[in-house]
Every structure is written in C-alpha cells, then in structure tokens.
Amino acid sequence: MQRNVHRRPLSSHILMGDRFWCNGFNQHSDGGWKSLSPSYPGPKTDFSRINSKENFMERLPSEVLIKILSYLDVSSLFCIGHVSRLFRQLANDDILWQKIYLSEFGGWKPKSVNDVVVMDDPREVEKQSTGRWKMMYLRNMAEHGTKMWRKYLRDISPYTALPRQTERVLRNLNVSWELTLCNNWGQRSTLEQSRVYFFESSVIVRWNGGSFLKYHHISSIQLYGVRKEAPKSPEARKPRWRSLMLKVDTKTCPQSFIGNDGLIKAFLLPPGVIIGIWRGQNSVAFIMVSLHFHRLVEKSVLGSPTCPYAEPVDLLPAGDSDPELGLHGYSLHFVLHNTSTEIMSRYFGQLSSRIVQIERRLVELRVINRTNLSQHRSLSGSIKLPWKSEDLEGAIENCCIMTLTLLDEFQKPFWCVSSPVCITMTKKVLSRDYKGDHFLMEYQNPDGEVKMMLVWLKEQKQFFLFSLTVYVTVANVNKRFSREY
C-alpha cells in the first residue's frame, strides 16, 4: 500500500489486501452503511474462504496498522471502526488520538496528572483504559463549538426574549433540516430541504414532493436537524449528525383540511406540518413545517438520532409571596405572516387576568379588546399562504402562519407557537362598530388557545383585527408558578 493513498478519507476508496474487502460494506451519504452493489466493478472475492488466518490486513503488526490509520482524518477513523473488532480497537488507540488531539489543541496543558494518560512510558499506556484521548478530543470539540454559538445566543431581544442571532448561528453551524418518510411497508426515504424562509421569531422549511410519493402510503414523518461539517477537501465526506426534532404518525395523528387552490389541497398535521397534495392524484406536491425560534438551535443540534433535545426547566425566583402570581405581568409578541411577507407584527405588554376570568380551566388574557377601538389593528396584505413545488407554484387562500411568543412576569418564554391558522367567515355580526363581512381565526393545542375576530373593509380592501384573546391552561400556570388555581 502506498502511503499517499491513505491520506484520503476512507469513504473515497476501499481497503483491500490479498483477500480483504471491508466486509462488503460502503458508506451512505448520511454516515450509515449499505451493502455494495453486485455490479461493483472491483475484484471478485470468494467470501467463503475468508477467515482471520488468511486476512492479509489482520496479519500485519499493530504498529504498521496504526501507522496506516494515522493518515486518516477523524471522520474516516469513525468509519473504519465499523469494519471489524480489530479495526475498532485500533481506531480507538490512545497514541493515535493523542496526536490528533495535540494537532487540534496544541497549546493545551493538563491541570493535573490525573486528567490524562501518561504517554511517555508504553507500559503506562497499557495500564490505562483505551479511548481516553478520544473522549477528551470529542469533549473539547463539543465544548469549543458550543461556547462559540452560545456566545451569540446571549444577545436577547427585549420584545421576544429570544436570541437575536438565531439565524446567524444556524447558518454558521451549517444546519439544515431533513424529513425521513416511512411508508406502510417499512421503507424509508429522506427529503432534503428545498427552501428556507427566515423571519423575526420563526423559520418555515419547505420540501418538494414528487409524483412517486403517495400521501396515503406515508405512515410516519420524522423531522431532523442536520449539522453538516464542511469538508476540508472536495473528496472528503464528513458524517452528519442528525437530531430528531419531531415525529408524526400520520395514521393516528388528527389532520385537518386548511385550504386549496386550482392545483393542490393542503392538510395540517399537528403541531405544524403542512402537506400539499396534487388534486386528483394523491401525490405529495410539497411539505412545509413552521419552527419557532425558542431553543431552535439546541433542538437542531443537541438531540440524538432517536431522541429529541430535552428542554431544561426554568426555575422561578424563590420566596415570592404574591398571591396572584401567574395571573399578571405577561407580554406577547404576535406575528401573522406567510412564506414571503409579514401581515402583522405587534408587541403587547402588561397583560393580566383575574380569577373570575378562569373558564374551562383556561386563564384568559385579553390582548385586543373589541370594545376599545384604540387597540384595533389593520393587517397589511392579504391572508394567503404561497407555495411552490419544483416548477409549479400557487397560494392557499384564507391561510397564513401565526407565530406567538408569550412571556411570563419574569420575561421568560412561557408559551411559544408557530403554526398555520385559517380564517373563516361567520354569519354572526361580531362587532357593531364595523360594517362588512366578519371572520374568525382560531388556534388550539394542549397548552392553550388563541381567538381572533376580524372584519373585511371593502373600501380599504384590507382586514381589520378588532379582538385578540389568548388562553393558557390552568395546569400549565399552576405547574410553572407552583399555584393551585
């Protein structure tokens, strides 16, 4: 073997000896493994004759194999550790990872002799458990990367209590979002994002479908945050970390029709998955998901491939004897938007409730009172949700995205929502102050409800919002503030 061959990542070639062929596996683009195609043009191997005694690579001295592995990058070391037990042991070698660690963190010095393995004496190395330097490398890399993006997330907006630099951090970390679709037969397919739309407190991600993708064949939808490491060379392929963010069972999840146009009809799967289906074909035209910025970076990079990120519980200041704690001091950042424009964006402070306003086990917060004309707000633009799928595009009428950020008395996010909402005409006159068609926009989930009343002003050709009420569940208030309302 020539030394320059092993300077390339392992994923770009296959190690072979006299009768060795990496156990017949190759690397997926997502870091997994799949069987090599039978049409692979490489040399044919009689696998029935392969055993550890005849394996040329395993007959080489460990020193030679470690020297060969020293020319691989970190991602290739992880890959080759899946080949066999021998290569897993060699890929975790402390001497190998010490060199990698020092090349990355050259100026590092241990705080005490117990922090690291003494590497001067080979006998001391054998006494220590293997993998120490590897774990130190991974921990320092994780801490280094986390410190960098957490520094930018400390810049908090006073209106939303959300980091101002969320979009910047996501782009710097090279984060994208992928969908994994499972069909009725257990087969999986992955869709990479087609377009991303960033707003002040949310992001909309769109995936294009295809005629091959039938909606009634989909049994589950999984949303992953994917962080792609930028390769140092065009030939290098870095493994991608996938953080599970959402899993929806399409067979049991309640779905609702939210609108249509001449080409598609759209359905909503809670908490915010929009699926557009070609009319008359039952094929998926597109899938869109609206994601709130609250801990979006952590959810996208700190979860595991099988378990979502667990949000920490915000502890309230101790010793507060306010008898009405949890019923006053709220503030709300409220946005109506679609994939292209903002329809409304407002901040409301000093929202309060009273004990007598607790109905249906909901705490009522009146944001815009329909009897107070000074609070009423006009909406800019029409209420519709533009969509696009490959070369075709359209708009779902009477539908848009609502992004709500409710802050508690201590200016901490209490209830965060980003989801499609629909407007429906009502025959009942909701306000005597306005002439025109009256409409309702409502949203509900296990944590609360939102109710909006609007009127269409024909002369101005715009909607007017004259009532906005937010309800949060008493159970959440009691849990957050240790109350017994």
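Our subject is the structure listed above.
What counts and how
Residues numbered from 1 in each chain as written. Predicted model: local features only at pLDDT ≥ 70, side-chain atom pairs only at ≥ 80, totals over all residues. Heavy atoms only, no water. Helix = DSSP H or I, 4+ residues; strand = E, 2+ residues; numbered from the N terminus. Buried < 20%, exposed > 50% of the residue type's maximum accessible area, 1.4 Å probe, protein only. Areas by Shrake-Rupley, 256 points an atom, 1.4 Å probe, with all protein chains shown as cover. Contact = heavy atoms within 4.5 Å. Pairing = 2+ DSSP bridges. Axes fitted to C-alpha atoms, helices over the stretch in contact; angles between N-to-C directions. Polar contact = N/O pair within 3.5 Å; in protein donor to acceptor, adjacent residues only side chain to side chain. Salt bridge = Lys/Arg side-chain N within 4 Å of Asp/Glu carboxyl O. Core = buried A, V, L, I, M, F, W, Y, C linked by side-chain atoms within 4.5 Å.

Caption draft 1: Spotlight on the overall build of the protein. In terms of regular secondary structure, the protein is built from 10 helices and 23 strands. Expressed as a percentage of its 485 residues, the buried residues of the protein come to 47%. Element-wise, carbon and sulfur atoms account for 49% of the exposed surface of the protein, whose accessible area totals about 26300 Å².

Caption draft 2: How the structure looks around the side chain of Ser-467. With respect to the helices, strands and loops of the structure, Ser-467 is situated in strand β23 (residues 462-473). A relative accessible area of 7% means that Ser-467 is categorised as buried. If we ignore the near neighbours within four places in the chain, the residues touching Ser-467 are Ile-368, Arg-370, Lys-451, Met-452 and Met-453.

Caption draft 3: Focus on the sheet that holds strand β11 (residues 273-278). An order of β5-β6-β12-β11-β10-β9 is seen for the 6 strands of this open sheet, with the pairing classed as antiparallel. Edge positions in the sheet fall to β5 (195-198) and β9 (256-260), since each has one partner strand and no second. Strand-to-strand, the axes of this sheet are offset by a mean angle of 20°, without reference to chain direction. Of the strand pairs in this sheet, β5 and strand β6 (residues 202-208) are connected by 4 bridges, and their pairing is antiparallel.

Caption draft 4: Here's a closer look at the environment of Val-203. Within the secondary structure, Val-203 sits in strand β6. Overall, the relative accessible area of 0% leaves Val-203 in the buried class. Sequence separation of Val-203 and Thr-403 is 200 residues, and the distance between their C-alpha atoms is 9.7 Å. In contact with Val-203, other than residues within four places in its own chain, are Val-196, Tyr-197, Phe-198, Val-289, Ser-290, Leu-291, Phe-293 and Leu-296.

Caption draft 5: View of the pairing of strand β10 (residues 264-269). By the criterion of burial, β10 is predominantly enclosed, with 5 of the 6 residues buried. Note: β9 against β10, 4 bridges, orientation antiparallel. Bridge pairing links Ser-256 to Leu-268 in β10. Hairpin geometry of β9 and β10 is characterised by an intervening segment of 3 residues between the two adjacent antiparallel strands. Note that β10 and β11 share 6 bridges and pair antiparallel. Looking across to β11, one finds that Leu-269 is bridged to Val-273. Here β10 folds back onto β11 in antiparallel fashion, the turn holding 3 residues.

Caption draft 6: Inspection of the pairing of strand β18 (residues 392-397) at higher detail. Where strand β17 (residues 384-389) lies against β18, 6 bridges are found, and the strand directions are antiparallel. Its bridge partner being in β18, Pro-386 is matched across the sheet by Ala-395. Counted between consecutive antiparallel strands, the loop separating β17 from β18 contains 2 residues, among which Glu-390 sits at a positive phi close to 55°.

Caption draft 7: Layout of the environment of Lys-251. Mapped onto the elements of the fold, Lys-251 is located in the loop between β8 (241-249) and β9. With 33 residues separating them in the primary sequence, Lys-251 and Ile-218 have C-alpha atoms 8.5 Å apart. For Lys-251, the contacting residues outside a window of four places in its chain are Asn-184, His-216, Ile-218 and Ser-219. One polar contact links the side chain of Lys-251 to the main-chain carbonyl oxygen of His-216, over a distance of 3.1 Å.

Caption draft 8: Focus on the pattern of salt bridges. Applying the stated criterion across every chain yields a total of 8 salt bridges. A salt bridge links Arg-150 to Glu-298, with the shortest nitrogen-to-oxygen separation between them at 4.0 Å. Linking Arg-150 in helix α7 (residues 132-152) with Glu-298 in helix α9 (residues 296-301), this pair joins segments that are 148 residues apart in sequence. Classification of Arg-150 by relative accessible area gives partly exposed; the value is 35%. Taking relative accessible area as the criterion, Glu-298 reaches 8% and is therefore assigned buried. One salt bridge in this structure joins Glu-364 and Arg-366, with 2.4 Å as the shortest N-O distance. Judged by its relative accessible area of 8%, Glu-364 is buried.

Caption draft 9: Quick peek at the nonpolar core. If you look at the biggest cluster of nonpolar residues, it comprises 41 residues, and the most contacted ones within it are Leu-332, Phe-334, Leu-336, Trp-415 and Met-452. Apart from residues no more than four positions distant in its own chain, Leu-332 is found in contact with Arg-346, Tyr-347, Phe-348, Leu-351, Val-367, Leu-404, Thr-405, Leu-406, Leu-468 and Val-470. Counting residues in hydrophobic clusters, the runner-up holds 38 residues, among them Trp-149, Trp-177, Phe-198 and Phe-267.

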